[in-house]
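Spelled out, the chains give:
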Amino acid sequence: MEQSIIIAGFGGQGVLSVGIILANSFMLNDKKVTWYPCYGAEMRGGAVNCEIVVSDVEVTSVHKKEADFLIALNDLSFDKFLPKVKKGGIVIANSSLLDEKRPRDDVHYIFAKLSDIAREAGSVKATNMAALGVLSEVCNLCDINSIKQAVEKVLTPEKINLKNLNFKVLAEGQKIGQEHTTRKN
């Protein structure tokens, strides 16, 4: 069964990087995967998103009509991509940068102060890792060890010193995901 994940925010939030990490973690679990980035020419500050489609068999298409999961790191991304989440889908929203609004009653919302978590851990730039930690607990598609392996694989030599910070923020995100998984069951 195919699953589609949209990650969206603004340039500089690591949207594409965390998408690459997630895609690599799926590949480490022998999944078939596509990663489709979309960004404007303005880089930092402009709208950025990516879609990851994962399956046990070959992926049928790169760009899906509906998504199973949405990670929205800012208000603009929340508003733009919420309509694309399928009924019963999960929305992970960064409530550090957006209001907790629930315009649809057919999706499950997880609001978490992802930027605050990352800032308290050492760098707001790790907001994307907090979101990935939440997703790892609620999507049942990949395990945390493969995500950590993917982080080590994807980080460039210049950024490998950020590994421990990323792992710390990832763990904090996992805790939030576990809370929501427990409540849902």
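Since this is a predicted model, take the numbers as computed values, not measurements. (Residues numbered from 1 in each chain as written. Predicted model: local features only at pLDDT ≥ 70, side-chain atom pairs only at ≥ 80, totals over all residues. Heavy atoms only, no water.)

Asker: An account of the pattern of salt bridges is needed here, citing residue identities and associated values.
Answerer: According to the stated counting rule, one finds 10 salt bridges in the structure shown. With its nearest N and O atoms 2.8 Å apart, the salt bridge here joins R104 to D106. A salt bridge links R119 to D116; the nearest nitrogen and oxygen atoms lie 3.0 Å apart. With R119 and D116 both in helix α3 (residues 114-121), this residue pair falls three residues apart, about one helical turn. Judged by relative accessible area, D116 falls into the partly exposed class, the value being 25%. Where salt bridges share partners, they join D75, D79 and K101 into one cluster. (Salt bridge = Lys/Arg side-chain N within 4 Å of Asp/Glu carboxyl O. Helix = DSSP H or I, 4+ residues; strand = E, 2+ residues; numbered from the N terminus. Buried < 20%, exposed > 50% of the residue type's maximum accessible area, 1.4 Å probe, protein only.)

Asker: Explain the nonpolar core residue by residue, including any values.
Answerer: Ranked by internal contacts, the top residues of the largest apolar core, which has 45 residues, are I7, L22, F26, I92, L132, L135 and V169. The element contributing the most residues to this core is helix α4 (residues 127-138), with seven residues. If we skip the residues at most four places from it in the chain, F26 touches I5, K31, V33, I52, V54, L141 and C142. Among the nonpolar cores identified, the runner-up in size contains 15 residues, and A67, L70, A72 and F111 belong to it. (Core = buried A, V, L, I, M, F, W, Y, C linked by side-chain atoms within 4.5 Å. Contact = heavy atoms within 4.5 Å.)

Asker: Tell me about the packing of helix α1 (residues 15-28) against α4, and name the residues and values.
Answerer: Interaxial distance between α1 and α4 falls to 9 Å at its minimum, and their mutual angle equals 35 degrees. For the pair α1 and α4, the crossing hand works out as right-handed. Along the contact surface, α1 presents S17, V18, I21 and L22, while α4 presents N128, M129, L132 and L135. (Axes fitted to C-alpha atoms, helices over the stretch in contact; angles between N-to-C directions. Left-handed = near helix turned anticlockwise from the far one by under 90°.)

Asker: Give a detailed account of the sheet that holds strand β3 (residues 47-55), specifying residues and quantitative values.
Answerer: Across the sheet, which stays open at both edges, the six strands sit in the order β2-β3-β1-β4-β5-β6 with mixed pairing between neighbours. Two strands in the sheet have a free side with no partner beyond their single neighbour: β2 (32-39) and β6 (108-112). When the angles between neighbouring strand axes are averaged without regard to direction, this sheet yields 15 degrees. Note: strand β4 (residues 67-72) against strand β5 (residues 85-94), five bridges, orientation parallel. Bridged to I71 within β5 is I92. Sitting on the sheet, α1 is in contact with β1 (3-10), β2 and β3, with an inclination near 10 degrees to β3. Against the sheet, α4 contacts β1, β4, β5 and β6, and its axis sits at roughly 145 degrees relative to β5. (Pairing = 2+ DSSP bridges.)

Asker: So what about the layout of surface pockets? Which residues, and what values?
Answerer: Approximately 780 Å³ is the volume attributed to the largest pocket. Q13, G14, S17, N128 and K159 are the residues nearest the centre of the largest pocket, which is lined by 30 residues in total. Among the elements of the structure, α1, β3, α4 and α6 (163-184) are those that each provide at least two residues to the lining of the largest pocket. A breakdown of the residues in the lining of the largest pocket according to their chemical character gives 15 nonpolar, 11 polar and four charged. (1 Å grid on protein atoms, 1.4 Å probe; cavity = no way out; pocket = protein on both sides within 12 Å on 5 of 7 lines; lining within 4 Å. Points joined across faces, edges and corners; volume = space filled by probe spheres on them. Nonpolar A, V, L, I, M, F, W, Y, C, P; charged D, E, K, R; others polar.)

Asker: I'd like a description of α1, backed by residues and values.
Answerer: End to end, α1 covers 20 Å across 14 residues, agreeing with the expected 20 Å (1.5 Å per residue, within 8%). Here α1 has its buried residues at V15, V18, G19, I21, L22, A23, N24, S25 and F26. Where α1 is buried, its residues contact β1, β2, β3, α4 and α5 (144-154). Phi turns positive, to about 60 degrees, at D30, one or two residues after α1. (Expected span 1.5 Å × (residues − 1).)

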